[in-house]
Amino acid sequence: MAAPESDRLRSPPYSILTSVAPANEAKLDAHGPDASEPRTTHPQPTLTQGTLARSDSTGERDRRFDQFKTLGGRLERQLSSIRGGSQHPHPDPAAAGDDEASRDSEAETDDDSCKVPTADRYFAALEGPELETLRATEVPVLPEDETWPFLLRFPISAFGMCMGVSSQATLYKTLELEPSTAFLRVSPGVNYVLWWVSAALMALVSFIYLLKVVFYFEAVRREFHHPIRVNFFFAPWIACLFLAKGLPEPVMSLHHAVWYQLMAPILFLDLKMYGQWMSGGEWRLSRVASPTTHLAVVGNFVGAQLGARMGLREPALFFFAVGTVHYVVLFVTLYQRLPTNVPLPRDLHPVFFLFVATPSVASVAWARISGEFGLGARVAYYVALFLYASLVARVSFFFRGVRFSLAWWAYTFPVTSAAIATAVYASAMTSALTQALAVGLSAVASVTVAGVLATTVYRAFVRRDLFPNDVSIAIRRRPKAKFGKILKRIRTSSADLKELVVSRHSGAGSASETSSVSEPPTPMVYGRARAEP
Amino acid sequence: MAAPESDRLRSPPYSILTSVAPANEAKLDAHGPDASEPRTTHPQPTLTQGTLARSDSTGERDRRFDQFKTLGGRLERQLSSIRGGSQHPHPDPAAAGDDEASRDSEAETDDDSCKVPTADRYFAALEGPELETLRATEVPVLPEDETWPFLLRFPISAFGMCMGVSSQATLYKTLELEPSTAFLRVSPGVNYVLWWVSAALMALVSFIYLLKVVFYFEAVRREFHHPIRVNFFFAPWIACLFLAKGLPEPVMSLHHAVWYQLMAPILFLDLKMYGQWMSGGEWRLSRVASPTTHLAVVGNFVGAQLGARMGLREPALFFFAVGTVHYVVLFVTLYQRLPTNVPLPRDLHPVFFLFVATPSVASVAWARISGEFGLGARVAYYVALFLYASLVARVSFFFRGVRFSLAWWAYTFPVTSAAIATAVYASAMTSALTQALAVGLSAVASVTVAGVLATTVYRAFVRRDLFPNDVSIAIRRRPKAKFGKILKRIRTSSADLKELVVSRHSGAGSASETSSVSEPPTPMVYGRARAEP
Amino acid sequence: MAAPESDRLRSPPYSILTSVAPANEAKLDAHGPDASEPRTTHPQPTLTQGTLARSDSTGERDRRFDQFKTLGGRLERQLSSIRGGSQHPHPDPAAAGDDEASRDSEAETDDDSCKVPTADRYFAALEGPELETLRATEVPVLPEDETWPFLLRFPISAFGMCMGVSSQATLYKTLELEPSTAFLRVSPGVNYVLWWVSAALMALVSFIYLLKVVFYFEAVRREFHHPIRVNFFFAPWIACLFLAKGLPEPVMSLHHAVWYQLMAPILFLDLKMYGQWMSGGEWRLSRVASPTTHLAVVGNFVGAQLGARMGLREPALFFFAVGTVHYVVLFVTLYQRLPTNVPLPRDLHPVFFLFVATPSVASVAWARISGEFGLGARVAYYVALFLYASLVARVSFFFRGVRFSLAWWAYTFPVTSAAIATAVYASAMTSALTQALAVGLSAVASVTVAGVLATTVYRAFVRRDLFPNDVSIAIRRRPKAKFGKILKRIRTSSADLKELVVSRHSGAGSASETSSVSEPPTPMVYGRARAEP
């Protein structure tokens, strides 16, 4: 180990650079901002052969998004590279001379953008409670300064809207039917309207996302590998379960097959997610747990609730059991705040309201399964109530520097679920207090959803930034360091570089924190080579 | 990064010192022991203007404790500094010349002592199972070599005494009333006497601590921010709950409002504590969890038990639910012994008996809520029994180098609770074995309390060291390193300091263990300065 | 800190070596491979005084295994060392001159091999899911290149065979008696034969292991301190419980004393294991938890199941409670995959099937205790079912580079337990589906056991490598670094070593990862003070 270190010390300064950033890595930024700046100002008209891709910003064929395309992109690229000709401008004129080398580096670029980044890369490259912001040191694969095609900007979290609205439909059905809130005389029309609205919304969002699956499968794959975003893949099915629950007619009338069809993907995702937690590696729970992970658990309870209502008591109990066990694990992990759970924000963020969702839904589910709002259901309900109070007590921190996103919709459904649970609870323990609580929480839920709806409409139609560039799917597989500065300094001081400085570039962010990634702490060595005799 | 390092290497030795310990930091020890030594020998008679502060040791006005005073101290200091004149002797004669600078440094001293240290500072500066001992490297804010005012030495853990005695009152009431132990014919007088003793003790301790709140609010605030000590803020309310439970007349006769008034502060503290766990940061559970944290959970169960007895079944269930959920989280965390949970001692310490408290109390609480000593209550009871046995099996380690403190009283109440639970259990499952167990555990509890009482009396009246200086509230906000030694050596060797400078400032204790604090492991640097020709 | 460091810098190169590996440490390898090579070729005939030790490979007296012997070895060695004469050949001829020193070093060798390595040493020296493989950097205490005496190679995990076969006996008894599988008309003969086979196997394995206890107690002690292996000490008692359960006559006929006698060692081990988890240190759960730890929990449930069947409901509930609480802790810990839990393999390994064991057994135990297959039992059963499905879904990874070992037997009993639980469940919820499931899982269990049996027979009699050298008990207490290479290089390059050699010795394996073990990253520094002019 001593030898390479001492060799490196004696080598000329440039070799230090290359040893840290291999030459072909330096060419990786064909899609980086350094390289893209000239291209943005001079769009290449010669590249507009195909128009398979939907592109909002420009009618022209834009090759930069090809790497995320399902078929067209990669195929075309291969064709054009067979036809020869280096169509990608080389940012480094020195490298352009060597054609063989440049083609190699290009191949690597393709390779690099196609493979999905590891979970640790997501943590290293992104920040924020939803891992939705690029760290300052990162350079995305796609151009940052331009609006991407709409489909690339349409995230899976859009299904949160469906969850928010369809849970409202369920809430009003509950208020209408529960004895405790019968005195409100809620018209069946409210549920009817809300249900159709949410059904329509569900159809629309599903259609758009299906287009994304078809045309930009790479982007979908990257969302599925995003440690936070993957939890939203439960959202479509949870929204459908809410639709089934909120059906303007008795749930009993639904065919059992509907339930089985909705629970099958949830069971599949359960097996996938929980298996990844258990198997460890970069997806281990002590690493990826975040309040959003509640979405990966709550589906079991929503399904159990509906199933028990439809008379499928044993399958409902199965999902309840699976949910409970994994909820306990998740709850403990989140409460512990392990030092390895990086992305949890300190300030209150709407995502924390997901804490309320699971016990609320679990409480009603258990009441439905056991046939009464007994001790078990009430324990779960009181836990939900306490967590709700705990969050409300800290609500003063609420809107401090929190950026709105579509995911907020998913964070509203817990409030609605708590209102539903309260209405059911109030039917079991009828008193003025519980009824007032039910009405109060229902009002809060409706106001919250209305507020988020208003914000969404404002963002969508007035500020038109509801769908910003989804940078979290555009991170590079390997960190792209900014060596420019260090290189310049080394070169200028190269003349009188008698001493030698080896400095260690510590990689991107917090990546070095877990044992698996930890590189040996490199000593910084300073030696004055030799004084003249 | 390389450049400043190499600059530092060439700078004169003094600059190394300043780079690590800024000049004004060096003056911070106006209250430190180095500086206080001359002052202790020559008490300043000119400073005895006010006598608001109670001072046991000297009748004179002692300014050193002013920073912990609620009003008087800071106000006076401000007045005197307006009146001009540098009344604080400067330890560094060089700095005394510059009056402007000295006033700046004084301002910083005030600032430093007023702000509450962070949780991480507590962990870094203190050690021991109750974080009650100053680390060797630390210099406290208050003089170490002198007895402080009594109120500053009166810790919140004194309420442990009330818990210990009032739980004994409850125990004898239980032995008197439970069918399983009726054969003992315990006289109601025992409960009566114990209850009045504990009521009087409660009144006394509350009064003294109230004085502390009034006169030394800073000290109270620092206790509230102490990661271990904060749990004792539950103790007064738990003691009151025990008083209510142990009332020499039927609990039914109590007004419901009493229960609500006692549970309100517990609910408030619950929201505060659990919210801090959840919100993470330096108060995250994976950092602050210790057996003492059981005190923050057990209150819910004591309250639930009393509430259920008084007929408040639903509110009792609420607290039971809240307690259970957080108990599970705490239990798992404590059992896991995460590497981030530093202060847990390896050897058996009385604090470990708090493990027994929660399941014991929870067992009886659940029995009262569900109306029978059913499966649930028995599971909790057996868990308590096993943990009890587990601790007793390791009792050989018990008194190895464990220092007595008032907190031991809080560690006796679990033994009493286990005895109570056993008596209740024995009433449900009456047999010779269970009755013997009930009697045996009651005897153990009484003997334990008697032993701790004897030790307390001995410490209080014979050795007169029951209330030692409470250094754990007197830590500095920032570590104050002892640079004297390193400075001296550097200065002496400064003449021929051609070869080598090793500077590694290792910070305070274990602070570098979490990722957030971790400093890069400092390289050892070797430079050959000059070879003679 | 700076002073000794700088001294070291100026000292001649050899002193560096000695400072890292003290001279007497270097002689520690009297039993190491370097030293053993000459001895292996020239067996010392002068040492064949006693023949107390069973030695399979050579009829002669082989001293190298003496250190693991209970009495003979150490006694003889002491005798021979009293008789004088340095019978151990010294690998270092220089050291051989000093007789006093050599005797000292010998004493240290004895001392070193007798003391049991710490848990952290096991983690540092071994790898693999069962910590059964020596790391590349390690040198074992016993000769690696030769077959050890049979008893030293007979691990405690051999009791896994008994668990596997006796649980099959129980399965066929269940299939015979449960109403849900009565249609299979399983003959009582199957249970009868299997029971006698497993009883005989139990007797055999117990006898052999007892011999190991008697003759090689050191090896047993080292197995008991092995973080993974220690869990197998529960296996004999669990196997006995299965034998009691699978008895070809009604369990009711068993005397209660049998149950108490079987549960006593389990309670003892519970107290020992869980106490170690709680007390922290190197045995803390966040460090030692692995799927194998399930064996330390499942015994409680097996015992509870049998106890409830025999009418001992309260003692059964006691073990159920103890088991449940610790199972929750273990389950959460395993699912979290804390970064400190090193040895968990990423790929699926048979050990993962232990996840299925506990909920399966717990489900039936609860059903027996509560008297019906109610909600609680069904929740546990469904959890087991989900975990089973989760593992089967990943079974494609199954046999990738997994080495067979006797421990696999222990990993088959969960499959059998799941089959038993399914049969009991099917009796409560009789339907074609549940009956098919019961039959299917029973078939899978029988096929699995048959497969493992075939492999065992093949290994035992054809490849004759069923009992390989059990290196995991032969690790050194302190890491023995391989300094040969680095030393050689330093010596050869010493002539022109004018500038600087910084070499960092990174310690053994992953030992530096937890805070307790973390050595300060010790840079080994060598500087040649002055070049000739």
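Note that the coordinates shown come from a computational prediction; the quantities given were computed from them, not determined experimentally.

**Q** Account for the overall build of chain A, naming residues and giving values.
**A** The secondary structure content of chain A amounts to 22 helices and two strands. Out of the 533 residues in chain A, the part that is buried amounts to 56%. In chain A, the share of contacts with a sequence separation of at least 24, taken over all contacts with a separation of at least 6, comes to 80%. Element-wise, carbon and sulfur atoms account for 62% of the exposed surface of chain A, whose accessible area totals about 21,800 Å².

**Q** Residue-level account of the UniProt feature "transmembrane region" (unreviewed entry) in chain A, with values.
**A** Residues and elements named next belong to chain A. Residues annotated by UniProt as "transmembrane region" (unreviewed entry) correspond here to residues 192-216, 228-247, 316-336, 348-367, 379-399, 406-426 and 432-458. Secondary structure content for residues 192-216 is 96% helix and 0% strand, while the C-alpha to C-alpha distance between its ends is 35 Å. With 55% helix and 0% strand, residues 228-247 has end C-alpha atoms that lie 30 Å from one another.

**Q** Please give an account of the packing of helix H10 (residues 159-177) of chain B against helix H21 (residues 432-462) of chain B that cites residues and values.
**A** Residue and element names in this part refer to chain B. Their axes nearest at 11 Å, the elements H10 and H21 cross at an angle of 150°. Taken together, H10 and H21 sit at an angle that is classed as roughly antiparallel. Judged by the twist between their axes, the crossing of H10 over H21 is left-handed. For the pair formed by H10 and H21, the contact residues are Met161, Gln168, Leu171, Tyr172 and Leu175 on the first element and Ser442, Ala445, Ser446, Val449 and Thr456 on the second. Of the residues in the contact of H10 with H21, the class split is six nonpolar, four polar and no charged.

**Q** Just give me the short version of the packing of helix H13 (residues 235-245) of chain C against helix H14 (residues 256-279) of chain C, but keep the residues and values in it.
**A** Pairs of packed helices are described in terms of their axes, by the angle between the two and the distance that separates them. All names here are of chain C. Interhelical geometry of H13 versus H14 gives an angle of 150° and a closest axis separation of 10 Å. On the basis of the axis angle, H13 is roughly antiparallel to H14. Where H13 crosses over H14, the handedness of that crossing is left-handed. Here Trp237, Cys240, Leu241 and Ala244 of H13 come into contact with H14, specifically with Leu262, Met263, Pro265, Ile266 and Leu269. Taken together, the residues of the contact of H13 with H14 sort by class into nine nonpolar, no polar and no charged.

**Q** Before we move on, can you summarise the packing of aromatic side chains with the specific residues and values?
**A** Using the criterion set out here, one finds 95 aromatic pairs over all chains in the structure. Ring geometry for Tyr274 of chain A versus Phe386 of chain C: centroids 5.8 Å apart, planes at 65°, classification edge-to-face. Here Phe386 of chain C lies in helix H19 (residues 375-393) and Tyr274 of chain A lies in helix H14 (residues 256-279), a pairing that spans two chains. Their ring planes at 35° and their centres at 4.9 Å tell us that Phe320 of chain C and Trp366 of chain C sit as a pair that is tilted. Of the two residues, Phe320 of chain C is situated in helix H17 (residues 313-336) and Trp366 of chain C in helix H18 (residues 354-370); the sequence distance between them amounts to 46 residues. The pair Phe320 of chain C / Trp366 of chain C is uniform in exposure class, with both members buried.

**Q** How would you explain unusual backbone geometry if you had to name every residue and give the values?
**A** Even without glycine at this site, Arg185 of chain A takes up a positive phi of about 50°. According to the relative accessible area criterion, Arg185 of chain A is exposed, its value standing at 72%.

**Q** Help me get a handle on the pattern of salt bridges, residues and values and all.
**A** With the rule as written, the count across this model stands at 21 salt bridges over all chains. Glu223 of chain A is the salt-bridge partner of Arg229 of chain A, the closest N and O atoms lying 2.6 Å from each other. With respect to class, Arg229 of chain A is no different from Glu223 of chain A; both count as buried. When the shortest N-O distance is used, the salt bridge between Glu314 of chain B and Arg378 of chain A registers 2.1 Å. With Glu314 of chain B in helix H17 (residues 313-336) and Arg378 of chain A in helix H19 (residues 375-393), this residue pair bridges two chains. Among the residues examined, Arg378 of chain A registers a relative accessible area of 7% and is labelled buried.

**Q** Break down the environment of Glu314 of chain B for me, with residues and values.
**A** A relative accessible area of 19% means that Glu314 of chain B is categorised as buried. Taking the C-alpha atoms as reference, Glu314 of chain B lies 54 Å from Asp145 of chain B; in sequence the two are 169 residues apart. With residues up to four places along the chain from it excluded, the contact list for Glu314 of chain B reads Arg378, Tyr382, Tyr425 and Met429 of chain A. Of note is the side chain of Glu314 of chain B, whose polar atom sits 2.3 Å from the side chain of Tyr382 of chain A.

**Q** Which residues make up helix H16 (residues 295-309) of chain B, and what are the values?
**A** Relative to the 21 Å expected for 15 residues at 1.5 Å per residue, H16 of chain B spans 21 Å between its end C-alpha atoms, a close match to the ideal helical length. Taken across its 15 residues, H16 of chain B has 14 buried, putting it largely inside the fold.

**Q** Requested: an account of the environment of Gln336 of chain B, with residues and values cited.
**A** Looking at the secondary structure, you find Gln336 of chain B in helix H17. With 50 residues separating them along the chain, Gln336 of chain B and Ser286 of chain B place their C-alpha atoms 9.9 Å apart. There is a polar contact of 3.0 Å between the side chain of Gln336 of chain B and the side chain of Gln336 of chain C.

**Q** Can you lay out the state of the cysteines for me, pointing to particular residues and giving the numbers?
**A** In total, this model carries zero disulfides over all chains according to the counting rule given. A disulfide-free cysteine, Cys240 of chain A has its sulfur positioned 8.1 Å from the sulfur of Cys162 of chain A, the nearest such atom.

**Q** Go over a nonpolar patch on the surface with me, naming the residues and quoting the values.
**A** All names here are of chain A. Taken together, the side chains of Leu453, Val457, Tyr458, Phe461 and Val462 define a hydrophobic patch exposed on the protein surface, amounting to about 510 Å² of accessible area. By the element assignment, Tyr458 lies in helix H21 (residues 432-462). By relative accessible area, which is 41% here, Tyr458 ends up partly exposed.

**Q** Go over the confidence of the model for chain A with me, naming the residues and quoting the values.
**A** Low pLDDT marks stretches whose predicted atomic positions should not be read closely. Residue and element names in this part refer to chain A. In this model, chain A carries a mean pLDDT of 72, and residues with pLDDT of at least 70 account for 62%. Segment residues 1-60: pLDDT under 50, and 89 contacts once partners within four positions in sequence are set aside and those in other chains are kept. Scored below 50 in pLDDT, residues 492-533 makes 72 contacts in the model with residues more than four places away or belonging to other chains.

**Q** Which residues make up the side chain of Thr293 of chain B, and what values do they have?
**A** Structurally, the position occupied by Thr293 of chain B is in the loop between helix H15 (285-288) and H16. At 2.7 Å, the side chain of Thr293 of chain B forms a polar contact with the backbone oxygen of Ser290 of chain B.

**Q** Before we move on, can you summarise H14 of chain A with the specific residues and values?
**A** With 24 residues, H14 of chain A ought to run about 34 Å at 1.5 Å a step, and its terminal C-alpha atoms sit 33 Å apart, in line with that. Met263 of chain A marks the point of greatest bend in H14 of chain A, at about 25°, and the proline Pro265 of chain A comes within the next four residues.

**Q** Give a detailed account of the environment of Ala432 of chain B, specifying residues and quantitative values.
**A** With respect to the secondary-structure elements, Ala432 of chain B resides in helix H21. For Ala432 of chain B and Tyr388 of chain B, which are 44 residues apart along the polypeptide, the C-alpha to C-alpha distance reads 20 Å.

Cut-offs applied
- Residues numbered from 1 in each chain as written.
- Chains lettered and ligands numbered in written order.
- Predicted model: local features only at pLDDT ≥ 70, side-chain atom pairs only at ≥ 80, totals over all residues.
- Heavy atoms only, no water.
- Helix = DSSP H or I, 4+ residues; strand = E, 2+ residues; numbered from the N terminus.
- Buried < 20%, exposed > 50% of the residue type's maximum accessible area, 1.4 Å probe, protein only.
- Contact = heavy atoms within 4.5 Å.
- Areas by Shrake-Rupley, 256 points an atom, 1.4 Å probe, with all protein chains shown as cover.
- UniProt positions renumbered as here; feature names shortened; annotations may be inferred.
- Axes fitted to C-alpha atoms, helices over the stretch in contact; angles between N-to-C directions.
- Parallel < 35°, antiparallel > 145°, perpendicular 65-115°, else oblique.
- Left-handed = near helix turned anticlockwise from the far one by under 90°.
- Nonpolar A, V, L, I, M, F, W, Y, C, P; charged D, E, K, R; others polar.
- Phe/Tyr/Trp six-rings, centres within 6.5 Å; stacked < 30°, edge-to-face > 60°.
- Salt bridge = Lys/Arg side-chain N within 4 Å of Asp/Glu carboxyl O.
- Polar contact = N/O pair within 3.5 Å; in protein donor to acceptor, adjacent residues only side chain to side chain.
- Expected span 1.5 Å × (residues − 1).
- Disulfide = S-S within 2.5 Å.
- Patch = residues over 30% accessible without salt bridge, like charges linked within 9 Å, V, L, I, M, F, W, Y side chains within 5 Å.
- pLDDT = per-residue confidence, 0-100.
- Bend = angle between axes of the 7 residues up to and from the residue.

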